[in-house]
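Tertiary structure, described
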Amino acid sequence: MLTRVFPFWGWFKDYDLTSLRTDFISGLTVALVLIPQSMAYAQLAGLPPYYGLYASFLPPMVAALFGSSRQLATGPVAVVSLMTSASLEPLAIAGSPGYIAYAILLALTVGGFQLALGILKLGLVVNFLSHPVVNGFTNAAAIIIASSQLSKIFGVYVDKAQHHYETIIRVIQSAWHYTHWPTLAMGVLAFGIMYGLRRISPKIPNVLVAVVITTLISWGTGFQHNETVDISSIQSPEIRNMVEKFNRLVVIIPSLGEERTEVGKALDAADKNQDIIGVLDAEHEINVLTINMAKIHHDIHTVRHDIRNMLFEGVRQTKGSLKFYLKDALPQGVEGDGRTWRMKVGNKPLKTDQLLMIGGGVVVGKIPSGLPTLSMPKVDLGVILHLLPYAAIISLLGFMEAISIAKAMAAKTGQRLDPNQELIGQGLGNILGAMGKSYPTSGSFSRSAVNLQSGAVSGLSNVFTSLTVVIALLFFTPLLYHLPQSVLAAVIMMAVIGLINVSGFIHAWEAQWYDGAIAIISFLFTLAFAPHLDRGIMIGVVLSLLVFLYKSMRPKMAFLSRDGDQVLRCSSNHGLQECEYVAMLRFDGPLFFANASYLEDQIADIMMKKKTLKHIILVSNGINDIDASGEETLSLLVDRIRSAGIDISLSGVNETVMKVFERTHFIAKVGEDHVYPTMEKAIQSVHEKTHRGGEEEVCPLLTACHLSEPVNGTSSTMLE
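Calculation notes
- Residue positions within a chain follow its written sequence, with the count starting from 1.
- Totals for whole chains, interfaces and linings use all residues, but because this is a predicted model, local features are given only for residues with pLDDT of at least 70 and pairs of side-chain atoms are given and counted only at 80 or more.
- Water and hydrogen atoms play no part in the side-chain values, which are based on all heavy atoms of the structure.
- Secondary structure follows DSSP: runs of H or I at least 4 residues long count as helices, runs of E at least 2 residues long count as strands, and numbering of each begins at the N terminus.
- Our radius of gyration looks at C-alpha atoms and nothing else; its globule reference is 2.2 Å times the residue count to the power 0.38.
- Only protein chains enter the accessibility calculation, which uses a 1.4 Å probe. A residue is then buried if its area is under 20% of the maximum for its type, exposed if over 50%, and partly exposed in between.
- When checking whether two residues touch, look at their non-hydrogen atoms; a contact exists if any pair is within 4.5 Å.
- Note on areas: these come from Shrake-Rupley sampling with a 1.4 Å probe, and a residue is covered only by the protein chains present in the view.
- Only four residue types enter the charge count, namely Lys and Arg as positive and Asp and Glu as negative; His and the chain termini do not.
- A single reference atom marks each charge: NZ on Lys, CZ on Arg, CG on Asp, CD on Glu.
- The patch calculation keeps residues exceeding 30% relative accessible area without a salt bridge and links them within 9 Å when they carry like charges or within 5 Å when they are nonpolar (Val, Leu, Ile, Met, Phe, Trp, Tyr).
- We count a salt bridge whenever a side-chain nitrogen from Lys or Arg sits within 4 Å of a carboxyl oxygen from Asp or Glu.
- When the centres of two rings from Phe, Tyr and Trp lie within 6.5 Å, Trp using its six-membered ring, the rings pair. Their planes under 30 degrees apart give stacked, over 60 give edge-to-face, and anything left gives tilted.
- Only when the NZ atom of a Lys or the CZ atom of an Arg is both within 6 Å of the ring centre and within 35 degrees of the ring normal do we say a charge sits over the ring.
- Each pair of strands is called paired provided DSSP finds at least two bridges between the two strands.
- Simply put, an axis is a line fit to the C-alpha atoms, just over the touching stretch for a helix, and the angle between two N-to-C directions goes from 0 to 180 degrees.
- Here a helix's expected span is defined as the number of its residues, less one, multiplied by 1.5 Å.
- Should an angle lie under 35 degrees it is considered roughly parallel, over 145 roughly antiparallel, and from 65 to 115 roughly perpendicular; all remaining angles are considered oblique.
- Three residue categories are used. Nonpolar comprises Ala, Val, Leu, Ile, Met, Phe, Trp, Tyr, Cys and Pro, charged comprises Asp, Glu, Lys and Arg, and polar comprises the others, including Gly.
- The score called pLDDT rates the predictor's confidence residue by residue, from a low of 0 to a high of 100.

Before going further, it helps to spend a moment on the overall build of the protein. Tallying secondary structure elements over the protein gives 28 helices and 15 strands in all. Against the compact-globule benchmark of 27 Å for 720 residues, the protein has a radius of gyration of 34 Å, which places it well outside the compact range. Relative to its 720 residues, the protein shows a buried fraction of 51%. Restricting the contact set of the protein to residue pairs at least 6 apart, pairs at least 24 apart contribute 78%. Entry remark: accessible area of the protein is about 34900 Å², with carbon and sulfur atoms responsible for 61%. Across the protein, the 55 positively charged side chains and the 58 negatively charged ones have centroids separated by 9 Å.

A cluster of like negative charges, contributed by Glu259, Asp275, Asp281 and Glu285, occupies part of the molecular surface. Along the chain, the position of Glu285 falls in helix α14 (residues 276–308).

Following Ala530, the chain continues to Pro531 via a peptide bond in cis, the omega torsion being 15°. On the secondary structure map, Pro531 appears in the loop between α21 (513–529) and α22 (533–553). Of note in this structure, Gln274 is not a glycine but carries a positive phi near 55°. Mapped onto the elements of the fold, Gln274 is located in the loop between α13 (252–272) and α14. Overall, Gln274 belongs to the exposed group, its relative accessible area being 69%. For Lys437, which is not a glycine, the phi torsion comes out positive at approximately 70°. One can find Lys437 in the loop between α16 (419–435) and β7 (442–444).

Note on aromatic pairs: each is described by the distance of the centres and the angle between the planes. The final tally for this structure, using the stated rule, is ten aromatic pairs. Between the aromatic rings of Phe592 and Phe593, the centroid separation amounts to 5.3 Å while the plane-to-plane angle is 90°, which identifies the pairing as edge-to-face. When its relative accessible area of 61% is taken as the criterion, Phe593 is described as exposed. Among the aromatic residues, those joined into a cluster by ring pairs are Tyr50, Tyr51 and Tyr54. It is Lys614 that lies over the ring of Tyr581; its NZ or CZ is 5.1 Å from the centre.

Turning our attention to a nonpolar patch on the surface. On the surface, Leu371, Ile471, Leu474, Phe475, Phe476 and Leu479 cluster together into a nonpolar patch covering about 590 Å² of accessible area. Note that Leu479 resides in the loop between α18 (460–476) and α19 (485–496). By relative accessible area, which is 59% here, Leu479 ends up exposed.

To continue, consider the sheet that holds strand β6 (residues 355–358). If you walk across this open sheet you meet the three strands as β2-β6-β5, and the pairing is antiparallel. Each of the sheet's edge strands pairs with one partner strand only, and the pair in question is β2 (226–229) and β5 (342–343). The pairing of β2 with β6 spans four bridges and is classified as antiparallel. Counterpart to Val229 in the pairing with β6 is Leu355.

With that settled, consider the sheet that holds strand β10 (residues 582–588). Here six strands make up an open sheet; going across it, the order is β9-β8-β10-β11-β12-β13 and the pairing mixed. Each edge of the open sheet carries a strand with a single partner, namely β9 (568–570) and β13 (675–676). Of the pairings in the sheet, the one linking strand β8 (residues 556–562) to β9 comprises three bridges and is antiparallel in character. Within the sheet, the bridge partner assigned to Ser561 lies in β9 and is Arg569. Relative to the sheet, helix α25 (residues 628–643) contacts β11 (615–619) and β12 (647–651), its axis offset from that of β12 by approximately 140°.

Residues separated by three or four positions in an α-helix point in the same direction, a consequence of the helix having 3.6 residues per turn. Counting buried positions along helix α5 (residues 78–88) yields eleven of eleven residues, so the element is predominantly enclosed. Those residues of α5 not exposed but buried are Ala78, Val79, Val80, Ser81, Leu82, Met83, Thr84, Ser85, Ala86, Ser87 and Leu88.

Turning next to the pattern of salt bridges. Following the criterion strictly, the structure yields 15 salt bridges and no others. One salt bridge connects Lys610 with Glu578, and the closest N-O pair in it is separated by 3.0 Å. In this pair, Lys610 is assigned in the loop between α24 (596–609) and β11 and Glu578 in the loop between α23 (571–574) and β10, connecting sequence segments 32 residues apart. Assessed through its relative accessible area of 14%, Lys610 is described here as buried. In this structure Glu578 comes out as partly exposed when scored by relative accessible area, which is 27%. Bridged by salt links that share partners, the residues Asp159, Arg304 and Arg308 form one connected network.

Before going further, it helps to examine α19. For α19, with twelve residues, the first-to-last C-alpha span of 17 Å sits near the 16 Å given by 1.5 Å per residue. Listed as buried for α19 are Gln485, Ser486, Val487, Leu488, Ala489, Ala490, Val491, Ile492, Met493, Met494 and Val496.

The description of two packed helices rests on the angle between their axes and on the distance between the axes. Between helix α12 (residues 237–250) and α13, whose axes approach to 4 Å, the crossing angle comes to 15°. Taken together, α12 and α13 sit at an angle that is classed as roughly parallel. Residues Arg248, Leu249 and Val250 of α12 form the contact with α13, whose own contacting residues are Ile252, Ile253 and Pro254. Of the residues contributing to the contact of α12 with α13, the split by class is five nonpolar, no polar and one charged.

Tracing the sequence through the fold places Ser635 in helix α25. Look past the residues within four positions of Ser635 in its chain and what remains in contact with it is Phe666 and Lys669.

On to the confidence of the model for the protein. In this model, the protein carries a mean pLDDT of 87, and residues with pLDDT of at least 70 account for 98%. Of the regions scoring below 50 in pLDDT, residues 709–720 engages in 16 contacts with residues more than four places distant in sequence or in other chains.

Now for the pairing of strand β4 (residues 322–326). Of all the five residues making up β4, four are buried; the element is thus mostly covered by neighbouring parts of the structure. Looking at chain direction, strand β3 (residues 312–316) and β4 are connected through five bridges and run antiparallel. In the sheet register, Val315 faces β4, and the bridge partner there is Lys323. Between β3 and β4, which follow one another and run antiparallel, lie five residues, and Gly320 among them has a positive phi close to 95°.

Structure representation (structure tokens):
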């Protein structure tokens, strides 16, 4: 009982100092990969990079303590980070305090959902995400994740569009207009280091090496080069007018938002009081405000795009200050500083006395030292209800990724894996992580592989990983100041390459064409609807369920004949001739309300086609369950078939179905002498009576009779 409640209690059986040393080394190795990766994934989630470190503090340790896998490494992962960004973008601006609060609340909601599934032992619900759907989504997500980092690789800034592909078009246009070559060089260098070390020696922490080298280069070369200036330093009346217009437009949005909130309250009050006129007026006013806000947002985007596309050249003054001229408007005889400068413009009004001019690359910047304060996130039921569909998808996707990794490792280590316990571990990891300012986390394939290769004996290695992150947060955050953002983008792009699996589409298509089609459709719709990734998944799930329902409603039905090896097989699949007097029909699947009429139609069809038919044997080996509708249909079929002068028998009825037949007195109706234990017994019992006086020389149920190829429009029979 103690081990069931506290799974980590079992770690210490036969545990010794050698195991402790191995776990320590494994935990340290994973931490060296986790620290830079977590910062990159936090950036992907739309959060400041150091929130990735917060997500690497409690979740790895808690998930290991209460999970069932001893090598599974939990923390920020690419797909969950992307889903976090997609679910929160409609609610708040990425990186804002409100956005961060929603991300932490999302982690709490995801953890609660996973914990509930684990306690209720509903881990099998993850099976609703079929492999073709997950494969299609994962491949699309890998492309979306990689392409979302292009702006950081090229060192350009764009507003996000309604669809992801539109955003990428904007990035390409901006990169064509201007690319910051040192930023691109840093990203390419990081790629080269990681790829080269992975080929030369996979055991070397290539991500850490790339981060260390590029950070040192960034620090040594002054990669970041910013200046804070007054607007009077901008020697362009056009730009000053743009800044003023931008500030004027930006401040309108909050006031319109507040006005729409007040009107929304008035709408609720009118609806509650059943004031129809008041409801119509409020709805009209909300629509007008929404249209006005959309127009202003478009105007803001236009002005911000124009400001971002303005390239400046700085001129150093005698007192050391800089004046900025447009690239093509530098006065004759005036020499610039050789840099290309841009104005940093975001979603807030620009302070005209503190304009940030960017003359270099973008780095991570200052990371708060110390651990996050542990506190319960503010619970807002309205926000939770909005986040719940996203939380459910993130929970299932994250758990599927975690359990797939854990199963693969358990197969190598021989461990016992409990999916429900793993759900509890992942759920508690997210819940307690939310108290430590974490966003949603899951099991990581790459870091789990590092953990396994390092020889981790128990989940204590994950505890050492968390402690290493704690030490980094307490003492080493200043060292990460000069880490280029383009390097974090390269880390993400390198990591998601492994998610692309084209062979998965081919494999699914070869298994069943409709599985391949579902994988392709899920892939295409996920790409088309990005950043609304949940729509692609839901379309895939609905298609999978529709295929399942269709197959359940029209199960495989085979008319049997004897093959050359004396085995009874499907006559149509193996080119076998059927008996003229006996139809041997095998029904593959449960007989229930959705497919009972299909069985009825098939039997009616065979009765019409075979005028000499005397007996139907329903092979019931494949009927593993039956409901009231199925039993009622069989009962009516017995009456209908016998009233037509044809007899019917059953063979191979299993125990579950037989109990239903006994309770409903179906056995008495069909006759105990018409229910046979095997197909052979059924054939032996009905053959002589049905063939008496018949013209069939050789019965295909006793001897193999193959249909030959048609000759001159006719077909002949080959007897074996």
